[in-house]
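Overview (structure and organization)
If you want the building blocks of each chain, they are given just below.
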Amino acid sequence: MKKAKFVILDAPLLVRLKRLFTRNHAFIQITKSVEDGIVIKQKNMSFSALGIPEASSLFTFAEPQEIFTGIKKGIYQHTEVSQKLKILLEESINYNFQATKIALQTITP
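So, here's what we can say about the structure.

**Quick notes on the pattern of salt bridges**
The tally for this structure, following the rule as stated, stands at three salt bridges. Of the charged contacts, one joins Arg-16 and Glu-91 as a salt bridge, the two residues approaching to 2.1 Å between their closest N and O atoms. Note that Arg-16 is positioned in helix α1 (residues 13–22) and Glu-91 in helix α4 (residues 78–94), a separation of 75 residues in sequence. Overall, Glu-91 belongs to the partly exposed group, its relative accessible area being 34%. Glu-66 is the salt-bridge partner of Lys-18, the closest N and O atoms lying 2.3 Å from each other. Here Lys-18, found in helix α1, pairs with Glu-66, found in helix α3 (residues 63–72); they are 48 residues apart in sequence, far enough to count as distant.

About the thresholds
Residues numbered from 1 in each chain as written. Predicted model: local features only at pLDDT ≥ 70, side-chain atom pairs only at ≥ 80, totals over all residues. Heavy atoms only, no water. Salt bridge = Lys/Arg side-chain N within 4 Å of Asp/Glu carboxyl O. Helix = DSSP H or I, 4+ residues; strand = E, 2+ residues; numbered from the N terminus. Buried < 20%, exposed > 50% of the residue type's maximum accessible area, 1.4 Å probe, protein only.

See below:
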């Protein structure tokens, strides 16, 4: 591995979430739900209201507000946010960026 070179690309979770909204891959398409209008009317939106309370630990203090404002303004649909966050949560379970980075730096400083 003396001649190996590794490149690690990383983006904050909010950036990754926004990128998922612009992708048109068949495997990440979400259909609009009737519940979208009901959720938007809630005054105190939360990740729990979206059915993914565990997502609250993944974001900085201001990031959830940006997500919920996008839902309230109709930029995002709540079901789409929920489904795409589930994708990112699943990725975080199966892929640990920091552990990979540390392992690579240990092998090839």
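After that view of the structure, there is still more to cover.
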